[in-house]
Amino acid sequence: FRMAARDARRRTTVIFRMPARAARAAAQALGRGGGVQGRATGLLGLPWLRQPQSLLAHAEHCRARCEALVQEAVAMPASAAVLHKVDQISESLCSALDVASLVSAVHPDPEWGEAAASASTMVGTTMARLNTDRRLNDALLRVKTSPSVRAALSEEQARFVELLLAEFEADGVHLPEQSQARVHALQGRIAGLGSSYMSALTREGAPSQPALSNLASAALDGGDGPLWVPSALVSALPASVGAALARHEGLVLLPDEESVTAAVLKWCPNERLRKAVFHRMHSVATGANLGTLAELLDARLDLARELGFASHTQMALAYGRVAGSEGEVTSFLSLVEDSTRDKLDAELLEMAAAKRSGRLGFGGGSSALGGWDVPFLTGALKASRWQVDSREISQYLELESALAGLSGLVSSLFGLSLHEQSLDYGEVWAPSVRKFALVDLALGSQPIGHIYLDLFKRALKMPINATFTVSAGARRHPAETAVSERAGPGGVLNEQAPLALPTVAIVCSFPGADEGAAEGARGSLRLLAHADLLTLYHEFGHALHALLGRTEMQHLSGVRGPLDFVECPSLLFERFASDWRVLRRWATHVRTGERIPEALVANMHKSTGHFVGYDTAVQTLYARTDLCFHGSSPPSRDSTAAVKALHERAFGPKLPWVDGTNWHANFGHFVSYSGGYYSYLWCRSLSAQLWHERFAEDPLSSSAGADLRRGLLEPGNARVPTAMLRDVLGGQDLSTEPLLRELSGSGTLAPHPDEL
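From a predicted model like this one, the values you see are computed outputs, not experimental measurements.

## Considering the overall build of the protein
Working step 1: A tally of helices and strands in the protein yields 31 helices and 12 strands.
Working step 2: Within the protein, the fraction of its 756 residues that count as buried is 58%.
Working step 3: When contacts within the protein are restricted to residue pairs at least 6 apart in sequence, those whose partners lie at least 24 apart make up 77%.
Working step 4: Here the protein has roughly 28000 Å² of accessible surface; of this, 53% comes from carbon and sulfur atoms.

Written out as structure tokens, the structure reads:
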């Protein structure tokens, strides 16, 4: 009963105001509700979720219900009914974990967060035990090995059996009891180490007394605490970042937060400052994670060997991935590298020459290009060459209009519409959270799903960009209901409660003070950086995948599919956020009302592709590091030396490795994408082919949208992903050529900037 991991992303935002008339028009286009709170309910509209302790009661209820369902399943004769019972177990586990994970990530009350974490542990323990339950495995085997029963199964039911049996095998159900105990122990250790690694990425603390930091020293070793610097050094920061920084008598505190350090590296011309921030980002603040990472890699290798594999990557690829082998993955990465190698060399020379010239606003004279130079130089060179200022683009990307634009896009493609809903008392966890109904226009005004939007960072909210599935889109068996919806207050089962619609929550970390409902969500109108818009479209692609699922088995619904497939719809949706034919329908200047110029979008495309060689090299470096770490001989004793060697392989002497740094101790994808980081580029290749074959000529094509909905979004993981892709492509074989043409050409879409 495994669940697909989701990545965490970060973005930046700029805040402006929008004319009242434009705001009213955007609200009308969205069909917004009055926003008046009505009757009291539980969190997420779940009647049982009214207090933190309810999460613990629900976790215990999940355990008891799963055990009852196991007893029912194993006592049944071989038939499709067994599969429905097993799917109910999966749904019980997934719904409990999904809700607890969301609450843990977003709730501002520590008591809720602690209860959610404890509930996740309880459900995880139940899941680990069930994953090696021989009774369930044998019940599924009886279905598989009965010729008459197997012949009567649908394609989806047969796939469900095969995937579940593979998951049981992957968790060691076939092993002797003693070996199973070792597997359970290793899985628990891996989960604990992963949690410790991720916890270290959230760094807090500041000097008790503000004092000017020694940048010269910090540029060598990162310093001994968060940096206090003269305010003049950070005057170039975007207003949304600078306004949130603590200040004292002409000094500014730069906290060890990724959004702040990334902004400093991109916008601040002072090289000593950038070098100091770079070292803090990649050494002092995360160095303690190296030991945790070493233990994590060793534990994963031990688990793989216990299960009969030579490496963790081999084990990961053996179960449910689109890629068939590590060799296939490395060959794909080599193709990508070869297509951009000449571009990378030219781009590194261009950066070094720009630094030597000193013409971009900071003292030159040094030919040595450092990692701290790259964000600043690439941004400045793009702006200089293409006359594109991200702050200018933001003037056209107001949030309310962007949401109205999303509604218009799904109307054109799928015959759907977004309508904002009023909220019941107690339904959301923060004043700025909003709720939208996804309506199928062919069915009238009846919602087919709900989306909660929680877009802005705030205290105690996890700094992520992710989509959480609260309840999956699936055609449930008549006798089945979702445990999360049928459990009453305190987790008591209510058999008469109606089923809820599929529901997701889109959680982002866009900067901007959350000042409450009036100012945070609706009163203060916000402009998005284009990277924020890409994030919104990306997560909305995941949301549609989850909400439009129409599988028989919820275990196969929506994003519950292979890691190297589930990012395909979301990456495809990013492309709509960069197409002028889509943007021109809603993107107007916040002050003048001018429609976004085609030339501006064209230059934005050229700017995005300007350093595609470097951007792609970073992605392949991450992917190869991930494969190295999860190979048959992980470099746990000296991971930094291994990463340095991979860096030098990727960039050579033109961009030297920075001694004393360890970015790999600050990379959460090693926890959630172990052996699977290649999936970003892999899915980008799949989405590139879909775009060029079906949407490039007409991004608003209703026929292409209908094929995508029926052929890819609704089936979820109920069919083999490659077969679904070929169907949407009209029978064509899958090919990397569209992506390779983009990467080797000019003015094309580069990898998403937040993946770099």
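## Side note on the packing of aromatic side chains
Working step 1: Applying the stated rule across the entire model yields 23 aromatic pairs.
Working step 2: The interplanar angle of 80° and the centroid separation of 5.4 Å between the aromatic rings of Trp663 and Phe667 together place this pair among those described as edge-to-face. Each member of the pair, Trp663 as well as Phe667, is classed as buried.
Working step 3: On the numbers, 5.8 Å between centres and 85° between planes, the contact of Tyr678 with Trp682 is edge-to-face.
Working step 4: Judged by relative accessible area, which is 11%, Trp682 ranks as buried.
Working step 5: Through a chain of ring-to-ring contacts, the aromatic side chains of Tyr622, Phe629, Trp663, Phe667, Phe670, Tyr673, Tyr677 and Tyr680 assemble into a single cluster.
Working step 6: Here the basic side chain of Arg274 rests over the ring of Phe376, its NZ or CZ set 4.9 Å away from the ring centre.
Working step 7: Over the face of the ring belonging to Phe456 we find Arg526, whose NZ or CZ atom lies 3.8 Å from the ring centre.

## Things to note about the packing of helix α28 (residues 679-695) against helix α31 (residues 737-744)
Working step 1: Two elements in contact, α28 and α31, have axes whose closest approach is 7 Å; the angle formed by their N-to-C orientations is 95°. In terms of axis orientation, α28 runs roughly perpendicular to α31. Along its contact with α28, which presents Leu681, Arg684, Ser685, Ala688, Gln689 and His692, the element α31 presents Pro738, Leu739 and Glu742.
Working step 2: Counted by class, the contact of α28 with α31 contains four nonpolar, three polar and two charged residues.

## Some thoughts on the pattern of salt bridges
Working step 1: Taken as a whole and judged by the stated rule, the model has 33 salt bridges.
Working step 2: For Asp373, the salt bridge identified is with Lys355, shortest N-O distance 2.7 Å. Remark: Lys355 occurs in helix α15 (residues 326-357) and Asp373 occurs in the loop between α15 and α16 (374-386); sequence separation between them is 18 residues.
Working step 3: Among the residues examined, Lys355 registers a relative accessible area of 2% and is labelled buried.
Working step 4: Residues participating in the shared-partner salt-bridge network are Glu271, Arg274, Lys355 and Asp373.

## Thoughts on helix α2 (residues 52-75)
Working step 1: The end-to-end C-alpha distance of α2 is 36 Å, a good match for the 34 Å that 24 residues give at a rise of 1.5 Å each.
Working step 2: Those residues of α2 that fall on the buried side of the exposure criterion are Pro52, Ser54, Leu55, His58, Ala59, His61, Cys62, Arg65, Cys66, Leu69, Val70 and Ala73.

## Some details on the sheet that holds strand β5 (residues 251-254)
Adjacent strands of a sheet form backbone hydrogen bonds with each other and so pair up, either parallel or antiparallel.
Working step 1: Reading across the sheet, the three strands line up as β3-β5-β4 and stay open at both edges, with antiparallel pairing between neighbours. Every other strand in the sheet has two partners, leaving β3 (227-230) and β4 (247-248) as the edge strands with one partner each.
Working step 2: In terms of strand pairing, β4 meets β5 through two bridges, oriented antiparallel. Bridge pairing in β5 places His248 opposite Leu251.

## A word on the sheet that holds strand β8 (residues 434-440)
Working step 1: A sheet is described by the order of its strands in space; here five strands give the open sequence β6-β8-β9-β11-β10, paired in mixed fashion. Two strands in the sheet have a free side with no partner beyond their single neighbour: β6 (416-420) and β10 (466-471). Across the sheet, the axes of successive neighbouring strands diverge by a mean angle of 25°, strand direction being ignored.
Working step 2: Relative to β8, β6 runs antiparallel, the two sharing five bridges. Each residue of the ladder has a partner; that of Leu416, found in β8, is Asp440.
Working step 3: Against the sheet, helix α3 (residues 80-106) contacts β9 (447-456), β10 and β11 (503-510), and its axis sits at roughly 135° relative to β10.
Working step 4: Of the strands in this sheet, β6, β8 and β9 touch helix α18 (residues 399-414), which is tilted by about 150° from β6.

## Section: the packing of helix α5 (residues 134-145) against helix α7 (residues 155-170)
To describe two helices that pack against each other, one gives the angle between their axes and the distance between the axes.
Working step 1: Running from amino to carboxyl end, α5 crosses α7 at an angle of 145°, the nearest separation of the two axes being 10 Å. Handedness of the α5/α7 crossing: left-handed. On α7, the residues touching Leu136, Asn137, Leu140, Leu141, Val143 and Lys144 of α5 are Val161, Glu162, Leu164, Leu165 and Phe168.
Working step 2: Its residues placed into classes, the contact of α5 with α7 shows eight nonpolar, one polar and two charged.

## With respect to the nonpolar core
Working step 1: The biggest cluster of nonpolar side chains holds 110 residues, and the ones touching the most others in it are Tyr537, Phe573 and Phe576.
Working step 2: Not counting chain neighbours up to four residues away, the residues in contact with Tyr537 comprise Gly405, Leu406, Leu409, Ser570, Phe573, Glu574, Phe576, Ala577, Val582 and Trp586.
Working step 3: Counting 60 residues, the second largest nonpolar core, distinct from the first, contains Leu46, Leu93, Ala100 and Val149.

## With respect to the pairing of β10
Working step 1: With six of six residues buried, β10 is to be regarded as a mostly interior element.
Working step 2: Looking at chain direction, β10 and β11 are connected through five bridges and run antiparallel. When the bridges of β11 are listed, Phe468 appears paired with Ala505.

## Quick look at the confidence of the model for the protein
Detailed reading of the predicted model is not advised wherever pLDDT is low.
Working step 1: Considering every residue of the protein, the mean pLDDT works out to 86; 85% of them sit at 70 or more.
Working step 2: pLDDT under 50 marks residues 3-36. Its contacts with residues more than four places away, or in other chains, come to 112 contacts.
Working step 3: Across residues 513-523, confidence stays below pLDDT 50; counting only partners more than four residues off in sequence or on other chains, it has 29 contacts.

## A look at helix α13 (residues 289-306)
Three or four residues apart is the spacing at which side chains of an α-helix point the same way, because the helix has 3.6 residues per turn.
Working step 1: For α13, which comprises 18 residues, the first-to-last C-alpha distance of 26 Å matches the rise-based estimate of 26 Å (1.5 Å per residue) to within 8%.
Working step 2: Taken residue by residue, α13 has Asn289, Thr292, Leu293, Ala294, Leu296, Leu297, Ala299, Arg300, Leu301, Leu303 and Ala304 as its buried positions.
Working step 3: Buried residues along α13 sit in contact with α8 (177-199), α14 (312-318), α25 (612-629), α26 (639-651) and α27 (669-672).
Working step 4: Phi turns positive, to about 95°, at Gly308, one or two residues after α13.

## Focus on unusual backbone geometry
Most peptide bonds adopt trans geometry, and most residues besides glycine take a negative phi value.
Working step 1: Positive phi outside glycine occurs at Leu44, with the angle close to 65°.
Working step 2: Turning to its location among the elements, Leu44 is positioned in the loop between β2 (38-40) and α2.
Working step 3: Residue classification places Leu44 among the buried positions, given a relative accessible area of 8%.

## Quick notes on the state of the cysteines
Working step 1: Within the structure shown, the criterion is met by zero disulfides.
Working step 2: No disulfide involves Cys62; its sulfur sits 4.0 Å from the nearest other cysteine sulfur, which is in Cys66.
Working step 3: For Cys62, a relative accessible area of 1% puts it in the buried group.
Working step 4: A residue is classified by how much of its surface remains accessible, and Cys66, at 0% relative accessible area, is buried.

## Re the side chain of Asp454
Working step 1: Tracing the sequence through the fold places Asp454 in strand β9.
Working step 2: Setting aside its immediate chain neighbours within four residues, Asp454 contacts Val106, Trp429, Val433, Lys461, Ile506, Val507 and Cys508.

## Looking at the environment of Pro447
Working step 1: Among the structural elements, Pro447 can be located in strand β9.
Working step 2: Residue Pro447 is classed as buried on the basis of its relative accessible area of 19%.
Working step 3: Along the primary structure Pro447 and Ser417 are separated by 30 residues, whereas in three dimensions their C-alpha atoms are 9.3 Å apart.

Cut-offs and rules
Residues numbered from 1 in each chain as written. Predicted model: local features only at pLDDT ≥ 70, side-chain atom pairs only at ≥ 80, totals over all residues. Heavy atoms only, no water. Helix = DSSP H or I, 4+ residues; strand = E, 2+ residues; numbered from the N terminus. Buried < 20%, exposed > 50% of the residue type's maximum accessible area, 1.4 Å probe, protein only. Contact = heavy atoms within 4.5 Å. Areas by Shrake-Rupley, 256 points an atom, 1.4 Å probe, with all protein chains shown as cover. Phe/Tyr/Trp six-rings, centres within 6.5 Å; stacked < 30°, edge-to-face > 60°. Lys NZ or Arg CZ within 6 Å of the ring centre and 35° of its normal. Axes fitted to C-alpha atoms, helices over the stretch in contact; angles between N-to-C directions. Parallel < 35°, antiparallel > 145°, perpendicular 65-115°, else oblique. Nonpolar A, V, L, I, M, F, W, Y, C, P; charged D, E, K, R; others polar. Salt bridge = Lys/Arg side-chain N within 4 Å of Asp/Glu carboxyl O. Expected span 1.5 Å × (residues − 1). Pairing = 2+ DSSP bridges. Left-handed = near helix turned anticlockwise from the far one by under 90°. Core = buried A, V, L, I, M, F, W, Y, C linked by side-chain atoms within 4.5 Å. pLDDT = per-residue confidence, 0-100. Disulfide = S-S within 2.5 Å.

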